[in-house]
Amino acid sequence: MKILITGGSGLLGQYLNKALSENHSILTLFHNHIGNCKDYSSRQIDITNSNQLTETFQSYKPELVIHAAAVSTPALMKKLTNKYVYDINVNATQKIAGLCDKYKSRMFYLSTDLVYAGYRGSMLKEDAKLIPISLYAETKLMGEVKIQQTTDNYVILRTALLYGFGLNHSRCHFHFMYNELNRGSQVKLFTDQFRTPLSLKEAARMINSLVGLDVKKEIINIGGKERVSRFELGERLCENAKLDKSLLIPIMMKDKPEVPAVEDVSMNTDKLKSFGINQLSIEESILDIIRGNYV
Ligand SMILES: NC(=O)c1ccc[n+]([C@@H]2O[C@H](COP(=O)([O-])OP(=O)(O)OC[C@H]3O[C@@H](n4cnc5c(N)ncnc54)[C@H](OP(=O)(O)O)[C@@H]3O)[C@@H](O)[C@H]2O)c1
């Protein structure tokens, strides 16, 4: 298959480049950082530029598009205007959906568990109540809606918190936590915030499996099989990487009022499993990460 990947230089994108290039022909897109895109057929692009997007579709004619580009980190969000975030996460997503429709490309969209109402129970199914409470989550949900209004040939992946080691320039909280613990520094973690986290390598493997299946017009939760708090994830890291657990400092969401308080967006993944996708445990994933078998 000819696969176009947006956000190929991101945390997940670089894992997608590795996984999808094994069996497919990929064109992977980056914006400010090249990351491992330099090892593949790649192109620098600003997805808010409609002409560049159109030209890319015209010349490459992808059979499948994995749209992973987004403004997703709180640090970057703070530096940008709401309008620019909306342009990237909503308007560019709508444009890509339109081009997918025109060029008969199937569209995979990386959405987020944060679209769910985080206070309405646990192990949420795809039809659970949606109440995004941050600009990020709101724009990701608007991206979902724009896609559904524009094309029938989509798969929306509501993706759990991703963890692992970021390749090249990219980093996630787990990587930061590992580095801090490794140098003997304390790390504060929420005991009252729950997720079903998924390793980056596992996410890329699952997406690679799903693209090979005849699945479309679906919303699928993609996450790990275990519900843990942020603090428990830190404990699992310490246990498996032989790091000092006493460096983990339990805090509660009320201690950090500036962070959107999303209590529990752990997801039910029965639908994912119904497509024959199996899941590793957190322990298996962490051991894989620590052993360096993460790429
Ligand atoms: N990380 C998580 O825990 C998580 C959880 C759930 C869902 N997701 C979703 O999964 C996707 C990937 O997340 P991630 O963590 O890999 O994100 P990330 O590391 O922040 O990467 C974002 C990507 O988007 C690209 N990008 C941003 N603005 C662009 C623009 N104007 N034009 C072209 N490309 C642009 C970036 O390119 P440059 O770096 O080259 O500028 C980068 O490749 C996102 O859609 C996110 O919403 C992530």
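In this text the structure is predicted, and so the values were computed from the model without any measurement.

Chemist: Account for the overall build of the protein chain, with residues named and values stated.
Modeler: Counting its secondary structure elements, the protein chain contains 10 helices and 13 strands. Taking 19 Å as the expected radius of gyration for a compact globule of 295 residues, we find that the protein chain reaches 18 Å, a close match to that expectation. Counting all 295 residues of the protein chain, 45% fall into the buried class.

Chemist: Can you tell me about unusual backbone geometry, naming the residues and giving the values?
Modeler: Phi is positive for lysine 104, close to 55°, though the residue is something other than glycine. With respect to the helices, strands and loops of the structure, lysine 104 is situated in the loop between α4 (82-102) and β5 (106-112). Look at lysine 104 and you get exposed, because 11 C-beta atoms sit within 10 Å. Positive phi outside glycine occurs at asparagine 168, with the angle close to 50°.

Chemist: Report on the nonpolar core, specifying residues and quantitative values.
Modeler: Of all hydrophobic cores here, the largest spans 76 residues; its most connected members are Leu12, Leu16, Phe108 and Ala203. Built from parts of two domains, this core gets at least three residues from each of domain 1 (2-163 + 198-224 + 267-274) and domain 2 (173-194 + 227-264 + 280-290). In this structure phenylalanine 108 touches Leu64, Val65, Ile66, His67, Val155, Leu157, Ile207 and Val211, once residues within four positions along its chain are discounted.

Chemist: Describe in detail the site of the ligand, supporting the description with residues and values.
Modeler: Taken together, 29 residues lie around the ligand, and Gly7, Gly10, His31, Asn32 and Ala70 are the ones closest in. Looking at the shell around the ligand, the elements that each hand over two or more residues are α1 (11-20) and β5. Here the shell around the ligand gets 3 residues from one element, more than from any other, and that element is α1. Grouping the constituent residues of the shell around the ligand by class yields 14 nonpolar, 13 polar and 2 charged.

Chemist: Explain the packing of helix α8 (residues 230-241) against helix α10 (residues 282-290) to me, using residue names and the numbers behind them.
Modeler: It is the contact of α8 with α10, at a shortest axis distance of 10 Å, that shows an interaxial angle of 55°. Accordingly, the angle class assigned to the pair α8 and α10 is oblique. Regarding α8 and α10, the two cross each other, and that crossing is right-handed. Here α8 contributes Arg236, Leu237, Asn240 and Ala241 to the contact with α10, which in turn contributes Ile282, Glu283, Ile286, Leu287 and Ile290.

Chemist: Explain the sheet that holds strand β4 (residues 64-67) residue by residue, including any values.
Modeler: Sheet architecture is open: 7 strands sit in the order β3-β2-β1-β4-β5-β6-β11, paired in parallel fashion. In this open sheet, the two strands that pair with only one neighbour each are β3 (42-44) and β11 (218-222). Each strand axis lies, on average, 20° off the axis of its neighbour in the sheet, ignoring direction. Most of the contacts of helix α5 (residues 135-150) go to β5, to which it runs at about 155°, and overall it touches β5 and β6 (154-159).

Chemist: A description of the domain arrangement of the protein chain should follow, citing residues and the corresponding values.
Modeler: One can read the domain layout of the protein chain as domain 1 (2-163 + 198-224 + 267-274) and domain 2 (173-194 + 227-264 + 280-290). If you average the C-alpha positions of domain 1 and of domain 2, the two centres end up 26 Å apart. Each side of the interface is counted separately: domain 1 has 12 residues, and domain 2 has 12 residues. Its residues placed into classes, the side of domain 1 that touches domain 2 shows 5 nonpolar, 5 polar and 2 charged.

Each value, and the rule that gives it
- Residues numbered from 1 in each chain as written.
- Predicted model: local features only at pLDDT ≥ 70, side-chain atom pairs only at ≥ 80, totals over all residues.
- Helix = DSSP H or I, 4+ residues; strand = E, 2+ residues; numbered from the N terminus.
- Rg over C-alpha atoms; globule rule 2.2 N^0.38 Å.
- Buried ≥ 20, exposed ≤ 12 C-beta atoms within 10 Å, placed from the backbone.
- Core = buried A, V, L, I, M, F, W, Y, C linked by C-beta atoms within 7 Å.
- Domains from an automatic or database assignment.
- Contact = placed C-beta atoms within 7 Å.
- Near = placed C-beta within 6 Å.
- Nonpolar A, V, L, I, M, F, W, Y, C, P; charged D, E, K, R; others polar.
- Axes fitted to C-alpha atoms, helices over the stretch in contact; angles between N-to-C directions.
- Parallel < 35°, antiparallel > 145°, perpendicular 65-115°, else oblique.
- Left-handed = near helix turned anticlockwise from the far one by under 90°.
- Pairing = 2+ DSSP bridges.

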